[in-house]
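# Descriptive structure summary
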Amino acid sequence: MSAIILSPATMARFLFMEQLKWTMWFLSFMFVIYIVVVSFASGPHSSFIDLVNFSNGSSSIYMFVLGILTTSSFFYYYMQQGITRKNFFLGTMLSSVLLSIAITIILVVSGFILQFISGWAGWNIHTQEFDYTSSFSAFLYVFGSLVMLHLIYFLIGWMIGLTFYRSGWRYGLLSIACSILIIAIAGIFIEATHFSFFTNIITVPTFIAMPVSIVLIVLLLDVNYRLIKDITIKI
């Protein structure tokens, strides 16, 4: 492969397909765990949260880890193939957006299917934190929140991986501290996250929360681009 072949679109396709394989394994294990737990938890006087609420915390951590691995597992390899830093950044950005959408679609569709068959299976499944079945606008809000949540966690993990690669462990530890602050901020504006520290204290309206979350994503992309644009490739 050459730098000409490895355009941002091609890079995004390669990276997305590879990470999607990992994602399907992760979701398969999580789906099995959910079925086992809800089977034992369900009863005449018990109820259990739906798949989307059950999984959004673990899926966010999965995206966080995947962001870190993007640098350690893919960056050096694709640099050897001749891709430019800019194309790698653009390709990773595109693939992370696609993966965030894909994992959200899989979770939501699986959640709908499980709620549909819950009566037949004898499961009492309910939405505990947010309800995406009440209206189409509620569905769009939850879907958009989950996509942005997964993307934010991926970008945070990517930032940490790039910082360790570029500047060593001292600045890497500092990036971890910064990531905790960013996660706390994201928790204020995105109700879907389980890792929020101020949601019981601060309530932000949707028309403010969504644009601010988008701004946060743009800022993280800018930070990651600055980290990667002149990074030294370690041999």
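As a reminder, the structure under discussion sits directly above these lines.
Structural notes, computed from the coordinates. All values reported here derive from a predicted model rather than from experimental measurement.

What follows deals with the overall build of the protein chain. Along its length, the protein chain carries 6 helices and 2 strands. Along its sequence from the N terminus, the protein chain presents helices and strands in the succession α-β-α-α-β-α-α-α. Counting over 235 residues, the protein chain shows a buried share of 46%. When contacts within the protein chain are restricted to residue pairs at least 6 apart in sequence, those whose partners lie at least 24 apart make up 78%. With an accessible surface of roughly 11,900 Å², the protein chain has 72% of that area assigned to carbon and sulfur atoms.

Moving on, we come to a nonpolar patch on the surface. Nonpolar side chains collect at one region of the surface, where Val97, Ile101, Ile105, Val109 and Ile113 lie side by side and expose about 360 Å² of accessible area between them. With relative accessibility at 38%, the residue Ile105 sits in the partly exposed group.

Let us now look at the packing of helix α5 (residues 169–189) against helix α6 (residues 206–228). Relative to each other, α5 and α6 sit at 155°, their axes nearing to 9 Å. With respect to their mutual orientation, α5 and α6 come out roughly antiparallel. Considering how the two elements wind past one another, α5 and α6 form a crossing that is left-handed. Within the contact between the two elements, α5 uses Ile182, Ala186 and Phe189 and α6 uses Ala209, Val212, Ser213, Leu216 and Leu220. Here the contact of α5 with α6 is composed, by residue class, of 7 nonpolar, 1 polar and no charged.

Residues Phe88, Ile152, Leu155, Ile156, Trp158, Leu220 and Ile228 are the most contacted members of the largest nonpolar core, which totals 47 residues. Of the residues forming this core, the biggest block, 13 residues, is contributed by helix α4 (residues 136–167). Val52, Val108, Val142 and Leu146 belong to the second largest nonpolar core, which has 5 residues in total.

Reading the values: rules and limits
- Residues numbered from 1 in each chain as written.
- Predicted model: local features only at pLDDT ≥ 70, side-chain atom pairs only at ≥ 80, totals over all residues.
- Heavy atoms only, no water.
- Helix = DSSP H or I, 4+ residues; strand = E, 2+ residues; numbered from the N terminus.
- Buried < 20%, exposed > 50% of the residue type's maximum accessible area, 1.4 Å probe, protein only.
- Contact = heavy atoms within 4.5 Å.
- Areas by Shrake-Rupley, 256 points an atom, 1.4 Å probe, with all protein chains shown as cover.
- Patch = residues over 30% accessible without salt bridge, like charges linked within 9 Å, V, L, I, M, F, W, Y side chains within 5 Å.
- Salt bridge = Lys/Arg side-chain N within 4 Å of Asp/Glu carboxyl O.
- Axes fitted to C-alpha atoms, helices over the stretch in contact; angles between N-to-C directions.
- Parallel < 35°, antiparallel > 145°, perpendicular 65-115°, else oblique.
- Left-handed = near helix turned anticlockwise from the far one by under 90°.
- Nonpolar A, V, L, I, M, F, W, Y, C, P; charged D, E, K, R; others polar.
- Core = buried A, V, L, I, M, F, W, Y, C linked by side-chain atoms within 4.5 Å.

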